[in-house]
Structures are given as structure tokens and as C-alpha cells.
Amino acid sequence: MPKSAHGCISSPPYLNNFDYADATRLELYFWGDISSWAEMCAEVRADMLTATTQQSNVTSARLATTGLEAYGDVAASVVEITSKLLAERSKRPRGKEYDRVIPDYFLAVGQVLENLARALKPGSPVVWLVGDSAPYGVYVDTPRLIGDIAQSVGFSFEKDITLRQRGQRWQSNNVRHDVQLSERLILFRKI
């Protein structure tokens, strides 16, 4: 119902190449909601926000990049990040397609925020728990970009609070990157 909700507390999928659909596989099989991997991909993963390379493809990334233009300067930021990720991927013999995930992810977040803006009463608060990321060491300030999208669809951005540092296990082993990552609460309000 439009303008009927008084607020939102959520944690959207992190941009960390985690397959959230696969994480629910045991439960889906147990409850009889799916009976095969193909069914899980078609019935569950297809409708989920893209957060992993297994969900991405060239066409959807290209269309998402164009769709992001509706959110102002976010499109340019995403294009810049995507270019850096593509350059990093080309240095690897079998690189993961993070450059395809980023546009899809932020377009889907934008669509979620548009729906949320329609559902909330003016003045309603929104609190999201979000983590930033650094695929191939390319920093993606996910909370800031989400805040920018939120402002473009009718929210005022109020706070960005760092709750904790994350990703230390990779830093200590120097396996993936040396970028400091955090988990943050972002607070915005429906105008």
C-alpha cells in the first residue's frame, strides 16, 4: 500500500560475491520448495538482487549501466569502478567478472529504494546495515553509493556510522587485498 509504512530496517546483500541463493539451498530442498539446482536458479536466484558473478552477464551489465543514469552521478562512479575492475580482471588468466556484477547490483538497489520510497510515509526513517567491498583490491564504497541513490529517489541522507572493521582474515594472510573494509549503518529518511 503506497505511503503506508512508517520505517524500514534492513540489510541488503553485501557486494561480496556471496551466492545468497546457494546459501538457502538446504532449506529450499528441505521444505520441498525446489528439487534441483536448475529449479533453484530459475525460481529463486533469477529474482534476487545480483551480488555474485554467477548471476552476472554482459548484456544485463550493459543494460544496468544505462539504467543507472536515472540515479545521477552514481552512474559515472559505477562506470569508473567497472573500468578498474575490468582492467584488474584482464590481468588474470581466469578472472572473475566483478565488473559485470557492480552495475546490476546498484541498479537493483536503486529499484528497491524506489519501491521503498513509494511505500514509506514522508518523514519515515530507513536504517540499513551495509558493508563496503574491494574486489581485486578496487574499493567500492557501497554505503556511500547507496546513499547517493537514495537521495536521487526521494530520501535525505542523515548518517553513515562505521560499526566494525571487517575482512581482516584476508588482510592478515595477504591473500586478496590490503584495503580496510567496514560494516556500516546508513540512515536516511523519506522526504
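Going by the structure above, here's the rest.
All values reported here derive from a predicted model rather than from experimental measurement.

Participant: Mind laying out the sheet that holds strand 3 (residues 155–166), listing which residues take part and the relevant values?
Facilitator: Strand order in this open sheet of four strands is 1-2-4-3, and the pairing throughout is mixed. Whereas interior strands pair on both sides, the edge strands pair on one side only; in this sheet they are strand 1 (8–10) and strand 3. Each strand axis lies, on average, 15 degrees off the axis of its neighbour in the sheet, ignoring direction. Sheet topology note: the strand 3/strand 4 (residues 181–190) ladder contains 10 bridges and is antiparallel. Looking at strand 4, one finds that Ile161 is bridged to Leu185. Strand contacts of helix 6 (residues 98–119): strand 1, strand 2 (125–131), strand 3 and strand 4, with the helix running at about 165 degrees to strand 2, the strand carrying the most contacts. Across the face of the sheet, helix 7 (residues 142–152) comes into contact with strand 2, strand 3 and strand 4 while running at roughly 150 degrees to strand 2.

Participant: Give me the lowdown on the pattern of salt bridges, citing residues and values where you can.
Facilitator: If you walk through the whole model with that rule in mind, you get 12 salt bridges. With a shortest N-O distance of 3.4 Å, Glu80 and Lys84 are connected by a salt bridge. Of this pair, Glu80 and Lys84 both sit in helix 5 (residues 74–90), separated by four residues, roughly a single helical turn. Classification of Glu80 by relative accessible area gives partly exposed; the value is 46%. Given a relative accessible area of 45%, Lys84 falls into the partly exposed group. Because the salt bridges share partners, they merge into one network encompassing Asp132, Asp141, Arg144, Asp148, Asp160, Arg166 and Arg184.

Participant: So what about the packing of aromatic side chains? Which residues, and what values?
Facilitator: Tallying each qualifying case throughout the model produces six aromatic pairs. An angle of 75 degrees between the planes, with centres 5.7 Å apart, marks the rings of Trp128 and Phe188 as edge-to-face. One end of the pair, Trp128, is in strand 2; the other, Phe188, is in strand 4, and 60 residues separate them in sequence. Owing to a relative accessible area of 1%, Phe188 belongs among the buried residues under this scheme. Where Phe155 meets Phe188, the ring centres are 5.2 Å apart and the plane angle is 80 degrees; that geometry is what we call edge-to-face. With Phe155 in strand 3 and Phe188 in strand 4, the pair connects residues that are 33 residues apart, well separated along the chain. In this structure Phe155 comes out as buried when scored by relative accessible area, which is 1%. Here the aromatic cluster, defined as three or more aromatic residues joined through ring pairs, consists of Trp128, Phe155, Phe157 and Phe188. One cation-aromatic arrangement involves Arg92 over Tyr136; the distance from NZ or CZ to the ring centre is 3.8 Å.

Parameters and conventions
- Residues numbered from 1 in each chain as written.
- Predicted model: local features only at pLDDT ≥ 70, side-chain atom pairs only at ≥ 80, totals over all residues.
- Heavy atoms only, no water.
- Pairing = 2+ DSSP bridges.
- Helix = DSSP H or I, 4+ residues; strand = E, 2+ residues; numbered from the N terminus.
- Axes fitted to C-alpha atoms, helices over the stretch in contact; angles between N-to-C directions.
- Contact = heavy atoms within 4.5 Å.
- Salt bridge = Lys/Arg side-chain N within 4 Å of Asp/Glu carboxyl O.
- Buried < 20%, exposed > 50% of the residue type's maximum accessible area, 1.4 Å probe, protein only.
- Phe/Tyr/Trp six-rings, centres within 6.5 Å; stacked < 30°, edge-to-face > 60°.
- Lys NZ or Arg CZ within 6 Å of the ring centre and 35° of its normal.

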